[in-house]
Amino acid sequence: EERVLTQGVLKTLASKLGDLSTCNELIGKHGAALQRSLSELEDVRGSNDGTDKVKAVNERATLFRITSNAMINACRDFLDVADSHSRRWQKALHYEREQRHHLEETIEQLAKQHNSLERAWRENPTSYAGVERSQEGDASDENEEAEFFDAMEDSPSFITVTTGGETQRKRSGGNQSMSGGVANDWTHNENDTTGTNQMQPRRTRRSRIPDKPNYSLNLWSIMKNCIGKDLSRIPMPINFNEPLSMLQRLTEDLEYSELLDRAACCDSALDQMCLVAAFSVSSYSTTVHRTAKPFNPLLGETYELDRLEEYGYRSISEQVSHHPPAAAHHVASQRGWTLWQHITIDSKFRGKYISVMPFGNIHLQFHSNGNHYVWSKVTSTVHNIIVGKLWIDQSGDIDIVNTTTKDTCHLKFSPYSYFSRDVPRKVTGVVEDREGAAHYILSGTWDNKMESAKIVESSQGCGGTEGKQKTVYQTLQPKLLWKKYPLPENAENMHFFSSLALTLNEPEEGVAPTDSRLRPDQRLMEAGLWDEANIEKQRLEEHQRLERKRREAQANQALDEGQDIEGYQPVWFEKRTDDCTGESTYVYRGGYWEAKDRQDWSLCPEIF
């Protein structure tokens, strides 16, 4: 098809140049006739004024013919060059097509060999123990097919010097000068008993789910036709999924809600900003081993999480759009804060990796002082899709803005680089007031912990790129803001779920009939019945397609009858204009918890 297209373009080009050549002949012919007529006119008229005018017109006609000749000569040259190179282009195109076909066959063969080795290892793991040890000893092999980035090209523009310790070090690229360990957790009074989300829950919740079965799948046979496409529009077997929906993954951001409880007690807006920044980073800690994709929620699907007894908050989310996939989320806490977000997901398969780009803003407001924070999420990338061990990376920048005080925090998630000396998954940041003065340096990793160091002095140093000087911050000893909980026992066989994630799909009485816990394909997958889950997933997707066609038919009928067209309206959220960003967003309209108390779900659609 590409060859036919190229030949067609060349033929069209030659045809167009032929037309130009014909036009040029006509221009030359008529131009010569015009000159002859003007010459005769010049002989007839002897007056000086008339002669000057005719000479001027004659000169212009001559210039016009010269210009036309130059144009056609240039076009003819272009045609000659294009014609002489067309065979070379066709040969190069044919060669590239053959190479691509050969590469596809090679990768498919490698994927098959990889699956065969996995099956052989499961059947007799002892005979492969030596091979496994040798592979672990060479960590560089695992990342041979990774997408590498040069993180050193865009290092942070500051240097930190920690004071008050036995040793002092300068490191470019963030606050890595953590000397002599870490100070006590940053709390605002010594008697603060606000614990973590794992301390003494009042209700016993499940701590395990059935082990994930070992199913082999030829990934390349499915993914080779998805390059450059939006994965949300491509039907996928549940083998690529984990038994949670995107709404539940969104709710998982609350894993470390105690950071917001502590922030609500802060007297200083800058101290509060540090804890909000740590909370924004903590939401990625659960993803470090989670390379499987969550289920795409059906339109109208909801998910509630009521943790009033344990942690003082309750959360409700709803799928408000299917294409593009978009979810709205609202959390109200009795401990002094409210969080809401409207997130649209765009995912693309790039050949060796999948990029997941969330669009939209997260809002957080504290009740005591009215401080309103806004930020967005970074890009998640899953590498080694075809060959090798899957691994996930987070990269990009987060700008957190306190719209009340105008304080800001800029966080940088450094992309993984094989050549960088920095610690992997590194996050650095600076907290500044409304005047742009820096007060805290934040540093850590998105999969482990975040620390803050108070700045006591700043000065201009050297060593910047392109002649720019780096700022040198002198800081106090760093204090721990947040540290990740250890994973539950046997997590590697339970999709690497955290303690909170294990409870998200636990059956619960009284939830809405659209709740993700009631989704049958997801429930079957959690139970290990993957074949049945795939059949159920196809049924749900077909039901959703028929429902979409029905809505489109109703809209067309309303249009034909001259009636107002009203698109799909979510049940618990409504579209409004964001006062901070001016963008259209979905916010909670209320009524869900009241409907739950009455057990009145008459507004809910039948989606399962």
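These figures come from a predicted structure and were not determined experimentally.

The number of helices and strands found in the protein is 13 helices and 21 strands. Across the 608 residues that make up the protein, the buried fraction comes to 44%. Partitioning the contacts of the protein with sequence separation of at least 6, the portion at a separation of at least 24 is 61%. Element-wise, carbon and sulfur atoms account for 50% of the exposed surface of the protein, whose accessible area totals about 32700 Å².

In this section: unusual backbone geometry. The amide bond that connects His323 to the next residue, Pro324, takes the cis arrangement and shows omega of 0 degrees. Tracing the chain through its elements places Pro324 in the loop between strand 6 (313–321) and strand 7 (326–333). A positive phi angle, near 70 degrees, is found at Lys406, a position not held by glycine. Of note, Lys406 is situated in the loop between strand 13 (391–402) and strand 14 (408–413).

For the rest of this paragraph, the subject is helix 12 (residues 530–560). When the terminal C-alpha atoms of helix 12 are compared, their 45 Å separation across 31 residues agrees well with the 45 Å that a helix rising 1.5 Å per residue should span. For helix 12, every residue scored as buried is listed here: Trp530, Ala533, Asn534, Glu536, Lys537, Leu540, Glu541, Gln544 and Ala558. Looking at the buried positions of helix 12, the neighbouring elements they touch are strand 4 (293–295) and helix 11 (520–526). Just downstream of helix 12, Gly562 is the residue with a positive phi angle, here 75 degrees.

Now for the packing of aromatic side chains. Summed over all chains, the structure comprises 12 aromatic pairs. Ring centres of Tyr256 and Trp482 lie 5.5 Å apart, and the angle between their planes is 80 degrees; on these two criteria the pair is classed as edge-to-face. In this pair, Tyr256 is assigned in the loop between helix 6 (246–251) and helix 7 (258–264) and Trp482 in strand 19 (residues 479–483), connecting sequence segments 226 residues apart. A ring pair is formed by Tyr592 and Trp601, whose centres lie 5.3 Å apart and whose planes are at 45 degrees; its orientation type is tilted. With respect to class, Tyr592 is no different from Trp601; both count as buried. Site record: aromatic cluster; members linked through ring pairs are Trp572, Tyr592, Trp593 and Trp601. Lying over the aromatic face of Trp446, Arg425 brings its terminal NZ or CZ to 5.9 Å of the ring centre.

Topologically, Gln544 is positioned in helix 12. Look at Gln544 and you get buried, because its relative accessible area is 12%. Apart from the residues within four sequence positions on either side, Gln544 is in contact with Leu298, Leu299 and His322.

So, about the confidence of the model for the protein. Taken residue by residue, the protein gives an average pLDDT of 80. The fraction at 70 or more is 79%. Of the regions scoring below 50 in pLDDT, residues 164–201 engages in 89 contacts with residues more than four places distant in sequence or in other chains.

Moving on: the pattern of salt bridges. Across all of its chains, the model carries 26 salt bridges by this definition. When the shortest N-O distance is used, the salt bridge between Glu451 and Lys449 registers 3.6 Å. In this structure, Glu542 and Arg545 form a salt bridge, with 3.0 Å as the shortest nitrogen-oxygen distance. On the criterion of helical spacing, the pair formed by Glu542 and Arg545 is a turn pair, its members being three residues apart in helix 12. By relative accessible area, which is 36% here, Glu542 ends up partly exposed. You can call Arg545 partly exposed: its relative accessible area is 33%.

Attention shifts here to the state of the cysteines. Tallied over the full model, the rule gives zero disulfides. Take Cys266: it sits in no disulfide, and the sulfur closest to it among the cysteines is that of Cys265, at 7.3 Å.

A separate point is the nonpolar core. The biggest cluster of nonpolar side chains holds 65 residues, and the ones touching the most others in it are Trp337, Leu364, Trp375, Ile400, Leu411, Phe413 and Leu442. Considering every element that reaches this core, the biggest residue donor is helix 8 (residues 269–282), with nine residues. Sequence-distant contacts of Trp337, that is, excluding residues within four places in its chain, are made with Leu254, Ser257, Leu260, Asp261, Tyr313, Val331, Ala332, Leu364, Gln365, Phe366 and His367.

Before going further, it helps to examine helix 8. Between its terminal C-alpha atoms helix 8 stretches 20 Å, which fits the 20 Å expected from 14 residues at 1.5 Å a residue. Extensive coverage of helix 8 is indicated by the burial of 14 of its 14 residues. For helix 8, the N-terminal cap is Ser268; the gap from its side-chain oxygen to the backbone nitrogen of Leu270 is 3.3 Å.

Among the six residues that make up strand 5 (residues 302–307), five are buried, leaving the element largely enclosed by the rest of the structure. Where strand 5 and strand 6 come together, six bridges link them in antiparallel fashion. Residue pairing for strand 6: Arg307 is matched across the bridge by Tyr313.

Okay, the environment of Ile362 next. Mapping Ile362 onto the fold places it in strand 10 (residues 362–366). Classification of Ile362 by relative accessible area gives buried; the value is 4%. Linking Ile362 and Lys377, residues 15 residues apart in sequence, is a C-alpha distance of 8.1 Å. In contact with Ile362, not counting residues within four places along its chain, are Leu339, Trp340, Gln341, Ile343, Tyr373, Val374, Trp375 and Lys377.

Time to look at the pairing of strand 18 (residues 471–475). Of all five residues in strand 18, four are buried, a share of seventy percent or more. Two strands pair when backbone bridges link them, and strand 17 (residues 449–460) and strand 18 are joined in this way by five bridges, in the antiparallel orientation. Each bridged residue has a counterpart across the sheet, and for Ile455 the counterpart in strand 18 is Thr475.

Calculation criteria
- Residues numbered from 1 in each chain as written.
- Predicted model: local features only at pLDDT ≥ 70, side-chain atom pairs only at ≥ 80, totals over all residues.
- Heavy atoms only, no water.
- Helix = DSSP H or I, 4+ residues; strand = E, 2+ residues; numbered from the N terminus.
- Buried < 20%, exposed > 50% of the residue type's maximum accessible area, 1.4 Å probe, protein only.
- Contact = heavy atoms within 4.5 Å.
- Areas by Shrake-Rupley, 256 points an atom, 1.4 Å probe, with all protein chains shown as cover.
- Expected span 1.5 Å × (residues − 1).
- Phe/Tyr/Trp six-rings, centres within 6.5 Å; stacked < 30°, edge-to-face > 60°.
- Lys NZ or Arg CZ within 6 Å of the ring centre and 35° of its normal.
- pLDDT = per-residue confidence, 0-100.
- Salt bridge = Lys/Arg side-chain N within 4 Å of Asp/Glu carboxyl O.
- Disulfide = S-S within 2.5 Å.
- Core = buried A, V, L, I, M, F, W, Y, C linked by side-chain atoms within 4.5 Å.
- Polar contact = N/O pair within 3.5 Å; in protein donor to acceptor, adjacent residues only side chain to side chain.
- Pairing = 2+ DSSP bridges.

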